[in-house]
Amino acid sequence: MSVVIAMLRGVNIVGKRQVKMETLRALCASLKCSDVVTHLQSGNVVFRTRTRDLEALRLQMQKEMAASFGFDVPTVFRTVEDLRRVVAYNPFPGRIPAEASKVLVTFLYDDPGDERRKALRAMTIEPEEVRVEGRELHIYYPLGQGQSKLRMGPIEKALGTSGTGRNWNTVLKLLELGEGLEG
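The following paragraphs examine the structure supplied in this document. Everything quoted here is computed from the prediction, not taken from an experiment. (Residues numbered from 1 in each chain as written. Predicted model: local features only at pLDDT ≥ 70, side-chain atom pairs only at ≥ 80, totals over all residues. Heavy atoms only, no water.)

### Things to note about the pattern of salt bridges
Two side chains that carry opposite charge are able to pair once their charged atoms sit near each other. In the structure shown here, the tally under the stated rule is 17 salt bridges. Between Arg 9 and Glu 156 there is a salt bridge, with its nearest N and O atoms 3.4 Å apart. Within this pair, whereas Arg 9 is found in the loop between strand E1 (2-8) and helix H1 (21-30), its partner Glu 156 is found in helix H5 (residues 152-159), the two being separated by 147 residues in sequence. Using a relative accessible area of 16% as the deciding quantity, one classes Glu 156 as buried. The partner of Glu 129 in a salt bridge is Arg 131, and the shortest N-O contact between them spans 3.5 Å. (Salt bridge = Lys/Arg side-chain N within 4 Å of Asp/Glu carboxyl O. Helix = DSSP H or I, 4+ residues; strand = E, 2+ residues; numbered from the N terminus. Buried < 20%, exposed > 50% of the residue type's maximum accessible area, 1.4 Å probe, protein only.)

Dropping the structure here:
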């Protein structure tokens, strides 16, 4: 049985695109997911599944959410092992844990590939520091994300894919929840 972390993009932000977590848990259960747990109100779901085809499950979940909530909900799936790799990679070891709230991990829908990674590295993005590894984009916001002039649109264009972001503390909590379901 696999443990999956599902991260929904753009829900429950400033009163828009509202998704109740109890409804989301029930929707996951209807897709034969078990031990469904949500974290925060921003669309983080951790569950077990016997399904081997996680991409088919992700697409089915998106379809069911669109029907249930009345709007599309792009969703990223990662396994517990995926999150372990993200945490182990930690491109900002001098900043974490002291400034963990200033580190954002964007979980990309697709691997952008080496050429697109090079294009991103060529962009001037100061004072923020940006790293991309595999299907994850890591950004350190020294002044905080709210003060940043950095916009995701040009970054996503350079990478040729988009995703959904979680701060470092949330990534750690999702990993903890996933590992709890594994054991």
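Having seen the structure, we can now continue with the description.
### Focus on the pairing of strand E7 (residues 136-140)
Counting buried residues along E7, five of its five residues qualify, which places the element largely inside the surrounding structure. The alternating pattern of E7 places Glu 136, His 138 and Tyr 140 on one face and Leu 137 and Ile 139 on the opposite face, and all of these are buried. Relative to E7, strand E5 (residues 103-108) runs antiparallel, the two sharing five bridges. Looking at E7, one finds that Thr 106 is bridged to Leu 137. (Pairing = 2+ DSSP bridges.)

### Here's the deal with helix H3 (residues 80-89)
The set of residues buried in H3 consists of Val 80, Asp 82, Leu 83 and Val 86. Viewed end-on, H3 has its buried residues packed into an arc of 155°, placing them on one side of the element. Looking at the buried side of H3, the elements it contacts are E1, strand E4 (75-79), E5, E7 and helix H6 (168-182). Remark: Asn 90 follows H3 within two positions and exhibits a positive phi of approximately 20°. (Arc of directions from axis to C-beta. Contact = heavy atoms within 4.5 Å.)

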